[in-house]
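Working through the structure, step by step
What follows is the residue order along each chain.
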Amino acid sequence: MALAKLRGRTVGLLLGAAAVAGLFLFVAMRSGPLAPVAVTVARVEARSVTPSLFGVGLVEGRYVYKVGPTIASRVLRVDVNVGDRVRAGQSLGEMDPVDLDHRVASAEAALRRAEASLGEAQARLNHAQIQATRYKKSFDAHATSEELLATKQNDLRVAEAAFAGARQERERVGADRSSLVALRDSLRLVAPVDGLVTQRLAEPGTTIVAGQSVVELVDPRHLWVNTRFDQGKAGGLAPGLKAEIVLRSNGETKIPGQVVRVEPLADSVTEEALAKIAFSDAPADMPPLGELAEITIALKPLPAAPVVSNAAIRRYESRRGVWKIVGESLVFAPARFGASDLDGATQVLDGVAAGDQVVVHSARDLTPKTRLRVVDAIGAAGR
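This structure is a prediction, so every number in the text was calculated from the model and none was measured.

**Quick notes on the confidence of the model for the protein chain**
Overall, the prediction assigns the protein chain a mean pLDDT of 86, with 90% of residues at 70 or greater. Segment residues 24–30: pLDDT under 50, and 9 contacts once partners within four positions in sequence are set aside and those in other chains are kept.

Written out as structure tokens, the structure reads:
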């Protein structure tokens, strides 16, 4: 009797253990590590891709004017402030002329003396010419001697030399005065164009060396964005391409622009290509210089080819490719990829054909032995 009870308990324990093992296996196969992986799939299509470039840059003035003296001097006054709009020829300030005004006045007095000397030399030359002519006629009429004629002709040559010397002196003094006047005028700082003052770099009393700027201004009608693009995606970037500019201060507005220059020197440290993107029309409200802007450039459309989402591109055993569903099997297909657009559509150069079914998203990493469960979205697999 006791033996029968013991056998019954053993059978019961074995049946219970089998039920628990079965339940565990069921759970493992449905929701554990052995459960099918939820994936989304898509059919490969053959279509054209329009590659686009995206970059970030800074708003800059295309033409920047740095106004300052051409000689070392001290700032006498500055007539404008940052943010002022100025007209071409408007006074921006003045450097201290020190003794230049007196030197100009002295040069003008010397010029007047030189002009008086030139007038005197001209009068003497005229008199000598008259005398030489009169004595030549008298000599021809045998009314005077040859010695007197020679004397008058010599006086004429002396007067001509004196006149030439006086004229050269007048030119020299005039040139000295002109250089002093030009030097004095250079101390008056004027706006070269209509523009906006962006920097006031010196205050009255500051000593400035030759070439140093006192005021900096830009032409607000000509702005561009100094933009950086990933070198790996910058193929096809060229002047003339249309662009869209989105300023950080107004992220909802797309401003038309155009590539005006691709810099011949790229940044080797950040591996970026540099380009200048100009506004097609000057913004009604000038953005602050240095403001960040996002640039999108549409390149030329490419010929039709198989296209997959960049989310489908995976790396398996150090190779890039996609996971294809062939019948009931999961196969990794190594592939080469070409250009892509900003929506993530990437051309496949080889390894995938139009009509193939590929995995786009998966709940976890895949292997050729992974069991799949196709869902509309990965989030739906957990519900």
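**A look at the pairing of strand S11 (residues 215–218)**
Side chains of S11 alternate between two faces, with Val215 and Leu217 and Glu216 and Val218 buried alike. Pairing geometry for strand S4 (residues 64–67) and S11, over 4 bridges, is antiparallel. By the bridge assignment, Val67 is partnered in S11 with Val215.

**Thoughts on the layout of surface pockets**
Considering only enclosed or pocket space, the largest pocket measures out at about 540 Å³ in volume. Around the largest pocket sit 25 residues that line it, and Pro51, Ser52, Lys233, Ala339 and Ser340 are the ones nearest its centre. Residue assignment for the lining of the largest pocket shows that the elements contributing at least two residues are strand S3 (52–61), strand S12 (223–230) and strand S21 (336–340). No other element matches S21, which puts 4 residues into the lining of the largest pocket. Class assignment of the residues belonging to the lining of the largest pocket gives a composition of 11 nonpolar, 9 polar and 5 charged. Surrounding the second largest pocket, Ala42, Arg43, Val44, Glu45, Arg47, Val307, Val308, Ser309, Ala312, Ala345, Val358 and Val360 form its lining. Those elements that place two or more of their residues in the lining of the second largest pocket are strand S1 (37–43), strand S2 (45–47), strand S17 (305–309) and strand S23 (357–362). Per-element tally for the lining of the second largest pocket: the top contributor is S17, with 3 residues.

The rules behind the values
Residues numbered from 1 in each chain as written. Predicted model: local features only at pLDDT ≥ 70, side-chain atom pairs only at ≥ 80, totals over all residues. Heavy atoms only, no water. pLDDT = per-residue confidence, 0-100. Contact = heavy atoms within 4.5 Å. Buried < 20%, exposed > 50% of the residue type's maximum accessible area, 1.4 Å probe, protein only. Helix = DSSP H or I, 4+ residues; strand = E, 2+ residues; numbered from the N terminus. Pairing = 2+ DSSP bridges. 1 Å grid on protein atoms, 1.4 Å probe; cavity = no way out; pocket = protein on both sides within 12 Å on 5 of 7 lines; lining within 4 Å. Points joined across faces, edges and corners; volume = space filled by probe spheres on them. Nonpolar A, V, L, I, M, F, W, Y, C, P; charged D, E, K, R; others polar.

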